[in-house]
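The primary structure of each chain is shown beneath.
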Amino acid sequence: KELQPGVLRYWGSQLGDSLDNQLSEPFARKTHGYRPRERQAVLIDISIHEFLELCREIDAEPWYVMPPTFTEAELRNFVEYLAAPAGQGHPYAEKRAALGQVEPWTSVFNEIHIEYGNEMWGSAGGSDPFWGASALGGPRLGVIANNRLAMMRTSPFFDDQRLNLMIGGQAGWPATQFDIESGSSNHDEIAIAPYFG
């Protein structure tokens, strides 16, 4: 609250958790993992719901990095969770209401930023920290993200004014943004990851 960030980014579960697990109560939440080199799922992150509650509490716009492993059903259910009215038979709106947020999150925030994956333009080489979730370059990432974001846009609850769809780019390699852009028309912007090399 003292820092007063305008935007808060959450990428804790972005490489392999399920939507239902990310919407579970704390003691019902299961472990998850994302690295092919690791054999045990050991991570337990905060939920999407807890993250959105935190953003509301500190008056920051949420920036959520969603897992690229979400299925088509999970993508549509996620939009329903964020934007559908409760009390009208929409299961994921009912989940939201059961967690304490009756009104859609799209009525709480002016904009919710949703980034597809995290630094998925990587090479999947030995030094790539996100090996296992890399699309092997910008052109492939653009095509894959375009397909997945299109699924979200087909939800009857998708709100183009409140849901900002993004694909992660890379500040150190500007051509990556061009490659990503060439494969996608369903994103609103490219989110540029800082370069520390």
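Report on the accompanying structure. The structure presented is a predicted model; accordingly, all values stated were derived computationally and were not measured.

**As for the pattern of salt bridges**
Following the criterion strictly, the structure yields six salt bridges and no others. Residue Lys 1 is joined to Glu 57 by a salt bridge in which the shortest nitrogen-to-oxygen separation is 2.6 Å. With Lys 1 in the segment before strand E1 (7-10) and Glu 57 in helix H2 (residues 48-58), this pair connects stretches of sequence that are 56 residues apart. Of the residues examined, Glu 57 reaches a relative accessible area of 49% and is grouped as partly exposed. With its nearest N and O atoms 3.0 Å apart, the salt bridge here joins Arg 153 to Asp 160.

**Quick notes on the environment of His 49**
Structurally, the position occupied by His 49 is in helix H2. Spatially, the C-alpha atom of His 49 lies 7.7 Å from that of Leu 99, the residues being 50 residues apart in sequence. Leaving out residues up to four positions away in the same chain, His 49 has contacts with Gln 22, Tyr 81, Arg 96, Leu 99, Gly 100, Gln 101 and Trp 105.

**Points about the environment of Ala 93**
Along the polypeptide, Ala 93 turns up in helix H4 (residues 91-98). Distance in space between the C-alpha atoms of Ala 93 and Ala 83 is 7.6 Å, their sequence separation being 10 residues. Excluding its chain neighbours within four sequence positions, the residues that come into contact with Ala 93 are Glu 80, Tyr 81, Ala 84, Pro 85 and Ala 86.

**With respect to the packing of aromatic side chains**
Scanning all chains against the criterion turns up five aromatic pairs. Three or more aromatic residues link up through ring pairs in this structure, and these residues are Tyr 10, Phe 51, Tyr 64, Phe 70 and Phe 78. Over the face of the ring belonging to Trp 63 we find Arg 9, whose NZ or CZ atom lies 5.2 Å from the ring centre.

Cut-off values and rules
Residues numbered from 1 in each chain as written. Predicted model: local features only at pLDDT ≥ 70, side-chain atom pairs only at ≥ 80, totals over all residues. Heavy atoms only, no water. Salt bridge = Lys/Arg side-chain N within 4 Å of Asp/Glu carboxyl O. Helix = DSSP H or I, 4+ residues; strand = E, 2+ residues; numbered from the N terminus. Buried < 20%, exposed > 50% of the residue type's maximum accessible area, 1.4 Å probe, protein only. Contact = heavy atoms within 4.5 Å. Phe/Tyr/Trp six-rings, centres within 6.5 Å; stacked < 30°, edge-to-face > 60°. Lys NZ or Arg CZ within 6 Å of the ring centre and 35° of its normal.

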